[in-house]
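Read off the chains here:
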Amino acid sequence: MAGIFKFTKFALRNLFTKPATRAYPSVPARQTPRTRGAVQVNIDDCIFCGLCNRRCPADAISVDRAAKSWSIKRMSCVQCGNCVLNCPKKCLTMEGAYSAPACEKRSELFRKKESPIPAVHTLAPAPTDGKAIAPDRVLVIDMTSCVLCGLCARRCPTGALSVDRKAGIWTVDRAACLQCGNCVNGCPKKSLALVPENGHPQVETYTRSAAPATSEKTETPITAQPKGEIGITVDLSTCILCGLCVRRCPTSAIAVDRKAGTWSINRQSCVVCGNCLDVCHKHSLSKTTEGIDTSGIQVYAKTVELKAEATSAAPAAKSEPVVEATPVETAPQLPAPAPSSEASATDAPVGNGIAIDMDTCVLCGLCVKKCPTSAITVDRAAKSWSIDREGCVLCGSCITACPKKSLSEAEIPLLKTYTK
Amino acid sequence: MKRTIVPFGPQHPVLPEPIHLDLVLEDEKVVEAIPSFGFVHRGMEDLASKRDFNDYLYVVERICGICSYMHGMSYCEGAERIFGVEIPDRAKYLRTIWCELSRLHSHLLWLGLLADAFGFEALFMQSWRIREKILDMVEDSTGGRLISSVNLIGGVARDMDREMLDGFVKQFDKMESELRSLTKVFLKDTTVRARLFEVGVLTKTDAILYGAVGPMMRASGIELDTRKLGYAAYGDIDFDIITSNGCDSLARCEVRIGEIFQSFNIIRQAVAKIPDGEICISVKGNPKGEATVRMEQPRGEALYYMKANGTRNLERFRVRTPTFSNIYSLLKILPGAQFADVPLLILTIDPCISCTER
Amino acid sequence: MPKFTKSPWVMHYDGSSCNGCDIEVLASMTPLYDIERLGVVNTGDPRQADILLITGGINYYNESVVRQIYSQMPEPKVVVAVGICACSGGVFRDCYNIKGGVDTTIPVDVYVPGCAARPESIIDGIVQALEVLEKKSAASAAPTEGESNA
């Protein structure tokens, strides 16, 4: 008899307890604070060092330093946590995210947002000496000198400025303005200033008056009006076709073709702001009223040979068009020349130029990065250092940058390639 | 009598792993079993020469999903012996607790699969239901259910605070009472006894001769347990070696059930004695030297040999897993068994073919 | 979840897995996750299965086995690769014996990530596989209706 009622206890218990099942799709999945999920990256902190890539046992992560992107193959990540453990910036986490099943293998890419400051290089960095960042000041403009070149709008990190050249309007959104002073420092006409606040409206539009105010400055630009006689011209005898003016032109009006030896300017786009004049090391550019044809593009072609401080055997070096960035030149492999070396064996002209001591040079490439005209190239595999003598503007940035003090400016045979 | 050859595996409903046996049968009795393994062979030991020794830890963890924790721990132990460092005491106790949790989940898994093998599916479901509680504990403390990735060379990566440890111990009381009624079925129920009693007998001499390890050997009366060597915190913990003289599948069941209850006690002791302190020390540089580690996996004694030559990659990493030794015992107990008992016998050695074949 | 009229039968095969994902597949059948409440039955026979759950990568030994199982399944059939090793080879993809994920041998319809794949992910994967199965049945059912009319 006792055998019959033995099971009653279990039966009653099973009737009245709730089932052990977690009804998964209807109730959320069980998550603890430590549950390993999908790897997430905080891309703003990431320095793209690539340690996570090297440490991943399943090779799921790829890091592209140049493109500033970090991607992970979700169907390869085993959630081991090695990347999280080894990240020097602690920008990876693994808790809490869920990798859902899918019908195809996918990877996720995270890219760092580009900085909104455009890549318009200045020779002098914009000073942020604290005075520029002043919350009690507001940005104002003197429209009499403004040429509506738009440089300020491009330099503004928050997009607070807008310039409409056609309509002759300059607008500032003072709520977005950080008072950083970037525009003030970058204005070629010094039209901008940060002044003490005095009831300025949040968004203000300035319009160019129809008649430009006369001022003692003779370089009043005329964009809204039909272009007058004034325009930029180049003295090709001194111009080395380095292309710096191309880079500084805010309206991309200038084009330089080194192979063909031409310098051209689109008069329609040129706002005669004078930026190119400021940057030209050779002082080849000037404003003039002569020979300016404002209808379209004007091309100036070099007929004069490139600079050749004549020595006995000049012709070999002269008329060769300058080829960019090929480390293997036709120049013979020469030992590093001392300033008074036996380089007369070659036919390189002697003149003022950048000299390198290949014994101390480590081919790090810093001079390449600093050269504003990209005249230098370094080939580590071939152990050679080359310089385009025509492109070199003797600014001295490479000399300052060289950590080994291998570079100097001297009177030397102007060779193009040096090898270790 | 005419003989038939029945191929068993690699895909069969009862075992989760692919093994292939050609069973030579006379009527319903197995006369010979010809094994054919290699379906799970991945070539993991060769990877040691291609991966940095720190990253290789994550490969070693994945030798087997069931014994995963102890593989990782043994690798770290071996590396620590090569470096000659001593990990903090708290890390040793934490490792012990996780080892025993791993043993618990493995034995409960085995009980369920055994029940499934002789057809008692309800027992399978009940065993795994209780096992899920252990997995919840492992997930709370490490983040992963089976593969925990919590060992590091030099200690452990996660800590368990007092609250968590006491919470675990509190759940054990309820689990123990549930398990007692469950294991009573395994040991006392008539149908189950009929399937397990006197099935797959491995005598004591045979166990020594064929190199059985773990519960397989302890069920044949041999009193050996690698935990008595004293690695991790086992030196400070009091426990007996559980043996049985039955030599059959029922005895192996008894030994494993005994080990389940023993694990609860070991964890209770470890939680009571755990000291405060750090959980990891930093180990730098490349290893140079060799080390041998012996560890008691749920399935038996596992041997790990590591050799390093001062570079980033290990020169040699060799694992001799317990199932590798137990396979010979399996091939000894199969002849003479009934055909219907073959899945049961394969399960009675607690096979972990992925450990064996790596 | 779409409305299912028939319950799919699942078959599970382990090809060079570490057992982690296999245990989780079995765990989805046990009371806590219980995929049987969705009508899914675990069968051992490929000739009666609709969904094939494969764990682990493919190595040179079990390639032919996997192909044979796949060919034994009747149409329409769905393959679910459970776990990272089945999706892409995982941490073992450089091993000399591993060819790669399951898609090197048979076409895969659903990839379930995770190491070991959690039972919840496996349930999600099976639900997605059911949707793929419905589409395949509908696609294969249409021509026969045309034939019977003709």
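Our structure is the block above this text.
Just so it is clear, the structure is predicted and the values come from calculations on it, not from any experiment. (Residues numbered from 1 in each chain as written. Chains lettered and ligands numbered in written order. Predicted model: local features only at pLDDT ≥ 70, side-chain atom pairs only at ≥ 80, totals over all residues. Heavy atoms only, no water.)

Residue and element names in this part refer to chain A. In space, the 3 strands of this open sheet follow the order β12-β13-β15, with antiparallel pairing throughout. With partners counted over all chains shown, the strands left at the sheet margins are β12 (254–257) and β15 (297–301), one partner each. The sheet shows a mean angle of 15° between the axes of neighbouring strands, direction not considered. As judged from the 5 bridges shared by strand β13 (residues 262–266) and β15, these two strands associate in the antiparallel manner. Paired with Ile265 across the two strands is Gln298, which belongs to β15. (Pairing = 2+ DSSP bridges. Helix = DSSP H or I, 4+ residues; strand = E, 2+ residues; numbered from the N terminus. Axes fitted to C-alpha atoms, helices over the stretch in contact; angles between N-to-C directions.)

Residue and element names in this part refer to chain A. Across the sheet, which stays open at both edges, the 3 strands sit in the order β7-β8-β10 with antiparallel pairing between neighbours. Looking at which strands have only one partner, the edges of the open sheet turn out to be β7 (161–164) and β10 (203–207). Strand-to-strand twist of the sheet, defined as the mean angle between neighbouring strand axes without regard to direction, takes the value 15°. Across 4 bridges, the pairing between β7 and strand β8 (residues 169–173) is antiparallel. The residue of β8 that forms the bridge with Asp164 is Ile169.

Each partner contributes residues to the interface: chain C has 38 residues there, and chain B has 39 residues. Taking both sides of the interface into account, the surface hidden between chain C and chain B amounts to around 3300 Å²; carbon and sulfur atoms contribute 63%. Between the two partners, chain C and chain B, sit 3 salt bridges. A salt bridge links Glu24 of chain C to Arg145 of chain B, with the nearest nitrogen and oxygen atoms 2.9 Å apart. Put simply, the parts of the chain that give the side of chain C that touches chain B at least two residues each are β1 (9–14), α1 (20–29) and α2 (63–72) of chain C. (Contact = heavy atoms within 4.5 Å. Buried area = accessible area lost by both parts, 1.4 Å probe. Salt bridge = Lys/Arg side-chain N within 4 Å of Asp/Glu carboxyl O.)

All names here are of chain B. In the contact formed by helix α3 (residues 89–117) and helix α5 (residues 162–188), the axes pass within 13 Å of each other and the chain directions differ by 25°. Taken together, the axes of α3 and α5 are roughly parallel relative to one another. Read as a crossing pair, α3 and α5 show a hand that is left-handed. Across the interface between the two elements, Ile97, Leu101, Leu108, Leu111, Leu114 and Ala115 of α3 pack against Leu165, Phe172, Leu179 and Phe186 of α5. For the contact of α3 with α5, the class distribution of residues is 10 nonpolar, no polar and no charged. (Parallel < 35°, antiparallel > 145°, perpendicular 65-115°, else oblique. Left-handed = near helix turned anticlockwise from the far one by under 90°. Nonpolar A, V, L, I, M, F, W, Y, C, P; charged D, E, K, R; others polar.)

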